[in-house]
Amino acid sequence: MPPLDPQVGAAVAAAGGRAREVLTPEGLTAWQERDAAARPRPTLDQLRDGGRFEVAELRAPRADGGGEVTLLSGRPAGVGGALPLLYYLHGGGMVTGNAWSVLPRLLRSWALPLGLAVVSVEYRLAPRTRFPGAVEDCYAGLTWVAEHADALGVDARRLVIGGKSAGGGLAAALALLTRDRGGPAPVGQLLLSPMLDDRGDTFSSRQMAGHDTWDRASNATAWQAVLGDRYGAADLSPYAAPARATDLSRLPAAYIEVGSAETFRDEAVAYADGVWRSGGDAELHVWPGACHGFDTLAPHAAVSRDAHAARTRWLRRILPPE
């Protein structure tokens, strides 16, 4: 088993048993309740951070007419013109998380230093909403934002879709979906420890069982919640699990990162290889000694700082000022 980075390992040890708690089907409801309590939604006033940011809640209609998707829009205050946009999908195994809680970090880390606008998507969670509910929510929001780009003060030609963990998997699925539907055309996809493969049969998935902070047992529980009776289907759609895709051509440039001590390591590496084999552009980082969620557990670790710097450099390169 790959060793943990010492600083990351210390943070995992300090977190105790909860760092490696396993998500089970029987414990899913309690897991969701604990997450909701531990991850409160900041108010719009809190998100504005004393006037540093302009933040608004937006609503996009779902394509099936079944209500609306909530979008959280943020940008540095007082910055005029059409800003490049990071369209972001939160993590949480597609069973937890929310669009509000990730926004402060996105605004501080990228919107302010890079002059970006950010839209965070409140997609529906499993098992209450199964596939394709979440990815269709993400697509509905993306098309609405692109159609209203002028009013929102964003440049739809300088658009990156991105996310972490489940959000990274959804971003990859969204890139495939918008390509195939002829929808908005992102210039990049930022895939951070992406949840790509429902099958759980990679070497790293088996190697890290019982060791990673999100292991194959938790991953299987989440995929079962998302897919229901389609879990394990031979003909599962790549819009559900992008690792199932056989055509990775004509996709936006990809930034793909994962940890060497992570369940998702091999599926992320294979996805980057698939992009290259299809003639596409991918930048791959496998961070040594990093587990799933390493930069959240140990934000001040050297490997976490290196990872943030690499992501930022890629964003700056893919979204240059006009």
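Residues numbered from 1 in each chain as written. Predicted model: local features only at pLDDT ≥ 70, side-chain atom pairs only at ≥ 80, totals over all residues. Heavy atoms only, no water.

Peer 1: What is the right way to read the packing of helix α4 (residues 103-114) against helix α12 (residues 302-318) from this model?
Peer 2: What describes two packed helices is the angle between their axes and the distance between those same axes. Packing of α4 against α12 brings their axes to within 11 Å, and their N-to-C directions diverge by 35°. Relative to α12, α4 is oriented so that their crossing is right-handed. Residues Ser109, Trp110 and Leu114 of α4 lie in contact with α12, whose contacting residues are His308, Arg311, Thr312, Leu315 and Arg316. (Axes fitted to C-alpha atoms, helices over the stretch in contact; angles between N-to-C directions. Helix = DSSP H or I, 4+ residues; strand = E, 2+ residues; numbered from the N terminus. Left-handed = near helix turned anticlockwise from the far one by under 90°. Contact = heavy atoms within 4.5 Å.)

Peer 1: Sorry, what's going on with helix α1 (residues 6-15) here?
Peer 2: Residues lying three or four places apart along an α-helix face the same way, a consequence of the helix completing one turn every 3.6 residues. Restricting attention to buried positions, one finds in α1 the residues Val8, Ala11, Val12 and Ala15. Buried residues along α1 cover an arc of 100° about the axis, so they all sit on one side. Opposite its buried face, α1 presents the exposed residues Pro6, Ala13 and Ala14, each directed more than 90 degrees away. Elements that come into contact with the buried residues of α1 comprise α11 (294-297) and α12. N-capping of α1 is provided by Asp5, with a side-chain oxygen placed 2.9 Å from the backbone N of Gln7. Of the residues flanking the end of α1, it is Gly16, one or two places downstream, whose phi is positive at about 70°. (Buried < 20%, exposed > 50% of the residue type's maximum accessible area, 1.4 Å probe, protein only. Arc of directions from axis to C-beta. Polar contact = N/O pair within 3.5 Å; in protein donor to acceptor, adjacent residues only side chain to side chain.)

Peer 1: Could you clarify how one ought to interpret the pattern of salt bridges in this entry?
Peer 2: Two side chains that carry opposite charge are able to pair once their charged atoms sit near each other. The tally for this structure, following the rule as stated, stands at 22 salt bridges. A salt bridge links Asp180 to Arg179; its shortest N-O distance comes to 2.7 Å. Here Arg317 and Glu283 are joined by a salt bridge, their closest N and O atoms 2.4 Å apart. Placement of Arg317 in helix α12 and of Glu283 in strand β8 (residues 282-287) is noted, with a sequence separation of 34 residues between them. A residue is classified by how much of its surface remains accessible, and Glu283, at 22% relative accessible area, is partly exposed. It is possible to trace a salt-bridge network through shared partners that takes in Arg105, Lys164, Glu257, Asp295 and Arg311. (Salt bridge = Lys/Arg side-chain N within 4 Å of Asp/Glu carboxyl O.)

Peer 1: I keep staring at the pairing of strand β5 (residues 154-164) and nothing clicks. Help me out?
Peer 2: Remark: a regular strand shows side chains that alternate across the two faces of the sheet. Among the eleven residues that make up β5, nine are buried, leaving the element largely enclosed by the rest of the structure. Sheet analysis places strand β3 (residues 83-89) next to β5, joined by six bridges and oriented parallel. By the bridge assignment, Leu83 is partnered in β5 with Val154. Inspection of the sheet shows β5 paired to strand β6 (residues 188-192) by five bridges, in the parallel sense. Residue pairing across strands places Ile161 opposite Gln189, the latter belonging to β6. (Pairing = 2+ DSSP bridges.)

Peer 1: How do you make sense of the packing of helix α5 (residues 133-147) against helix α7 (residues 166-181) when you look at a structure like this?
Peer 2: Running from N to C, α5 and α7 point in directions that differ by 60°, and their axes come no closer than 10 Å. As far as their axial angle goes, α7 and α5 are oblique. Between α5 and α7 the crossing geometry is right-handed. Between α5 and α7, the residues in contact are Ala134, Val135, Glu136, Cys138, Tyr139 and Leu142 and Leu170, Ala173, Leu174, Leu177, Thr178 and Arg181, respectively. (Parallel < 35°, antiparallel > 145°, perpendicular 65-115°, else oblique.)

Peer 1: Quick question: what am I supposed to make of the packing of aromatic side chains here?
Peer 2: Working definition: an aromatic ring pair is given by the centre-to-centre distance plus the angle between the planes. Enumeration according to the criterion identifies one aromatic pair in this entry. Their ring planes at 50° and their centres at 5.7 Å tell us that Tyr255 and Trp314 sit as a pair that is tilted. Placement of Tyr255 in strand β7 (residues 253-259) and of Trp314 in helix α12 is noted, with a sequence separation of 59 residues between them. For the pair shown, Tyr255 and Trp314 are each scored as buried. Arg181 extends its terminal NZ or CZ atom over the ring of Tyr139, reaching a point 4.9 Å from the ring centre. (Phe/Tyr/Trp six-rings, centres within 6.5 Å; stacked < 30°, edge-to-face > 60°. Lys NZ or Arg CZ within 6 Å of the ring centre and 35° of its normal.)

Peer 1: Got a minute to help me understand the sheet that holds strand β2 (residues 68-76) in this structure?
Peer 2: Taken together, eight strands build an open sheet; the order of strands is β1-β2-β4-β3-β5-β6-β7-β8 and the sheet is mixed. The open sheet terminates on both sides in strands that have one partner only, identified here as β1 (53-61) and β8. Averaged over neighbouring strand pairs, the angle between their axes works out to 20° when direction is ignored. Across five bridges, the pairing between β3 and strand β4 (residues 117-122) is parallel. In the sheet register, Leu89 faces β4, and the bridge partner there is Val121. Across the face of the sheet, α7 comes into contact with β3, β5 and β6 while running at roughly 135° to β5. Docked against the sheet, α12 engages β5, β6, β7 and β8, running at close to 175° with respect to β7.

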